[in-house]
Amino acid sequence: MKKWPETWKEYNTGGIVFEPGNARSFKTGPWRSLKPVWDNSKCIKCGVCYIFCPEGCVQEGPDGFFAADLDYCKGCGICAHECWPSAISMIEEGHES
Amino acid sequence: MLEIRWHGRGGQGAVTSVELLAMAAIDEGKFAQGFPSFGPERRGAPVEAFNRVDTKQIKIRSRIYNPDVSVVLDESQIGPAVVAGLKPSGTLIVNTAKKAGEVRDLLKKKNAGFDGKIATVDATGIAWSELGVPITNTTMLGALLKVTNVVKLAALKEPVEHRFGRIAQKNLKALKRAYDEVKLS
Amino acid sequence: MTKPVGMEVAVAAAEAVALCNIDVAACYPITPNTHIAEHLADIVADGRIDAEYITVESEHSALSAVMGASGTGARTFTATSSQGLMYMHEILPITPAMRLPVVMGLGNRAVSGPINIWNDHSDIIMQRDSGWLSIFADNGQEAVDMFIQAFKIAEHPDVLLPINVNMDGFQLTHVVEPIVFPTQAQVNKFLPPYKPFASLHPDHPLSMGTLGLPDIYTEAVKARDVATVNAKKVIVDIWKEWEKMFGRKYEPVASYKTSGAEILLLTMGSMGETAEMAVDELRKKGVKVGLLKLKLWRPFPFDEIRKAVRGAKTLVVTDRAVSYGGPGGPVCSEIRGALYDQPNRPEIVNYIIGLGGRDVRVEDFMKMVEGAPKARKSGDAYQIYGVRE
């Protein structure tokens, strides 16, 4: 499926992107080498990880704890850096145990 | 085409005069331009402003170098600048209580001899009496009209009223007085 | 038709913009453009039009503000000169890239170095490649007409490009001269409300002004270039429509007494009127001279120039800006480009005139024409007329 306009005639007037939020289709998860893992026993549900995530991919679950959407998480580690009770660890993919 | 150059000092209203005259001429169905000597000006600095009036379209856009009439709002400016380029057949109109002969002598003394017509009117005196301030721009318009008949007196009524609002009638009175009192020699 | 009124051209320009019922204006005043900004602000403050006037802190913000407003579908206006236009420069090419039909009034003023507030064309020439459409007014009436035309041109669905209307600073902006205003009814008939191609609104979200990777930038340039070139046809059509409605003719290259002319003089801007008088005087002396007046600068009217100079032996092009270390006068270099491939083309002489507000008189134009053979022999690509040696 062709995603982008290719020829100059197909280029939208003014370069306008008509599909709102189409950044969603660009999955950046495969960029990471480390991923964040929450220790909920330490988590105080302050939401700082949610606020600081530059990707906006840390989401609050129905239980009030937080997790990253791994389709988009780039493994930058900011959530772990900002977490007050140090409840988040950055772990290499495949080494979760 | 009539070319008029006004001499004043910043704050004396020379630019307002040329605008009013241009508007009046255009209201009469003539073609006219009114523009200042362009640039930053400050109170007291000598300024020049210009009018062109004609019955056909005016295409020339350069400055006026050889005016037919030179109007001097401030007596202290009598000197070479006010007669520079003034046509020998032209007229110098000066705001002064002096007589034309005295003005002529003064110019000669300053190496600015002028043999054309000189008109004088004590516009400052009229302005003090009718307006309470020594601002002579509208007053001198009256003198200019009498000397050149460039527009009818009535044509200035609306532009002056529009510009001056509450004090328009006083200005029109000063204008009319100068119209009546200007002496041409 | 309304009776001519005497009005300062800059003030008349603001009145013309008000007739077009703009929605948003953001102007930062700069000499000699101040009177447009001030008078438009008065009009909005008096409630004569229903518009938003944003008092921004700089020209950079002025253009940014009107672009944002234009993106929401508002009809927008800004005005500036010289250093103000330079301050806008960072944003300037983005307006046509985003296909936003902003209208800008320019009171052409020399670009600094040394500081000079008087008239020449260096300010708009320096923005030559920005992608804005550009038209030049010869007198106050043309300025008023062109502002109204500008909105229609810019907003045309086949154009959707910003446009600037050029008026010589002081020489036009500060002169009181006769202006015939169209009535509001006439303007409403000529200029329909703006129908944006797309607009920012929460109900139908979209993105404007996004990143363009190397993969797409070339296509973006081509799309925009084609639109800019095609704008000429729309401009000519709209000018024909104006002539039908108001009886005043506008052409990309207007001609004056060119019939049988062996030597042609070319001007852009208000000096053209003074040049007409020079042509009259020279014709009286038996010189077969005519005048071309360039009214459309961008997109450049290549075909019209080629047609207009046919048959002439000499073309004297006057420029009011210089490209340092380059081909001299920008208008002349574009004309040379237009004529390069022509089998028969006139010899070209280029005079740079009227820099930084230097007055150019009827006699000067006559001297330029009479001195053209000598100038041509000198072999110089251009001459700065009247420079004291």
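Undergrad: Whenever I open this one, the overall build of chain A confuses me. Can you help?
TA: Scanning chain A for helices and strands turns up two helices and four strands. Helices and strands appear in chain A in the N-to-C order β-α-β-β-α-β. For 97 residues, the compact-globule estimate of 2.2 N^0.38 gives 13 Å, and the C-alpha radius of gyration of chain A, at 17 Å, exceeds that figure by more than 25%. Dimensions of chain A, computed from the C-alpha atoms along their principal axes, are close to 55 × 25 × 20 Å. Here the analysis covers contacts within chain A between residues at least 6 apart in sequence; of these, 65% occur between residues at least 24 apart.

Undergrad: Explanation requested: the domain arrangement of chain C in the structure shown.
TA: For an interface, size is often stated in terms of accessible area lost upon the parts coming together. Residue and element names in this part refer to chain C. Domain boundaries in chain C define domain 1 (5-246) and domain 2 (253-384). A C-alpha centroid distance of 28 Å is found between domain 1 and domain 2. No other element matches the five residues that helix H9 (residues 214-246) contributes to the side of domain 1 that touches domain 2. Its residues placed into classes, the side of domain 1 that touches domain 2 shows twelve nonpolar, nine polar and five charged.

Undergrad: Can you help me understand the packing of helix H4 (residues 123-131) of chain B against helix H5 (residues 137-148) of chain B in this one?
TA: What describes two packed helices is the angle between their axes and the distance between those same axes. All names here are of chain B. Packing of H4 against H5 leaves a shortest axis separation of 9 Å and a crossing angle of 130°. With respect to their mutual orientation, H4 and H5 come out oblique. Between H4 and H5 the crossing geometry is right-handed. Packed against H4, whose contacting residues are Ala123, Ile126 and Ala127, the element H5 presents Thr139, Met140 and Ala143 at the interface. Its residues placed into classes, the contact of H4 with H5 shows five nonpolar, one polar and no charged.

Undergrad: How do you make sense of the interface of chain A and chain C when you look at a structure like this?
TA: In this assembly, eleven residues from chain A lie in contact with 17 residues from chain C. For the side of chain A that touches chain C, the per-class residue count stands at seven nonpolar, four polar and no charged.

Undergrad: Before we go on, may I ask you to explain the interface of chain B and chain C in this structure?
TA: Across the contact, 18 residues belong to chain B and 23 residues belong to chain C. In terms of residue count, strand E2 (residues 31-36) of chain B provides more of the side of chain B that touches chain C than any other element does, six residues in total.

Undergrad: Is there a simple way to think about the nonpolar core in this case?
TA: A general tendency of soluble globular proteins is for nonpolar side chains to be buried together. Counting residues in hydrophobic clusters, the biggest one holds 189 residues, and the most contacted among them are B:Ile93, C:Ala13, C:Ala143 and C:Val316. In contact with C:Ala143, not counting residues within four places along its chain, are C:Val9, C:Ala12, C:Ala13, C:Ala137, C:Val165, C:Met167 and C:Leu172. Listed in part, the twelve residues of the second largest apolar core include A:Cys49, A:Cys53, A:Phe66 and A:Cys73.

Undergrad: What is the right way to read the packing of helix H6 (residues 157-164) of chain B against helix H7 (residues 168-181) of chain B from this model?
TA: All names here are of chain B. Relative to each other, H6 and H7 sit at 140°, their axes nearing to 8 Å. Between H6 and H7, the crossing angle belongs to the class labelled oblique. The crossing of H6 and H7 is right-handed. Contact residues: Lys157, Val160, Glu161 and Phe164 in H6; Ala168, Asn171 and Leu172 in H7.

Undergrad: Would you explain the arrangement of the chains in this entry?
TA: Looking across the two pairs of chains in contact, one finds the most contacts between chains B and C. Nowhere do chain A and chain B come into contact; their C-alpha atoms are at least 41 Å apart.

Rules behind the numbers
- Residues numbered from 1 in each chain as written.
- Chains lettered and ligands numbered in written order.
- Predicted model: local features only at pLDDT ≥ 70, side-chain atom pairs only at ≥ 80, totals over all residues.
- Helix = DSSP H or I, 4+ residues; strand = E, 2+ residues; numbered from the N terminus.
- Rg over C-alpha atoms; globule rule 2.2 N^0.38 Å.
- Contact = placed C-beta atoms within 7 Å.
- Domains from an automatic or database assignment.
- Nonpolar A, V, L, I, M, F, W, Y, C, P; charged D, E, K, R; others polar.
- Axes fitted to C-alpha atoms, helices over the stretch in contact; angles between N-to-C directions.
- Parallel < 35°, antiparallel > 145°, perpendicular 65-115°, else oblique.
- Left-handed = near helix turned anticlockwise from the far one by under 90°.
- Core = buried A, V, L, I, M, F, W, Y, C linked by C-beta atoms within 7 Å.
- Buried ≥ 20, exposed ≤ 12 C-beta atoms within 10 Å, placed from the backbone.

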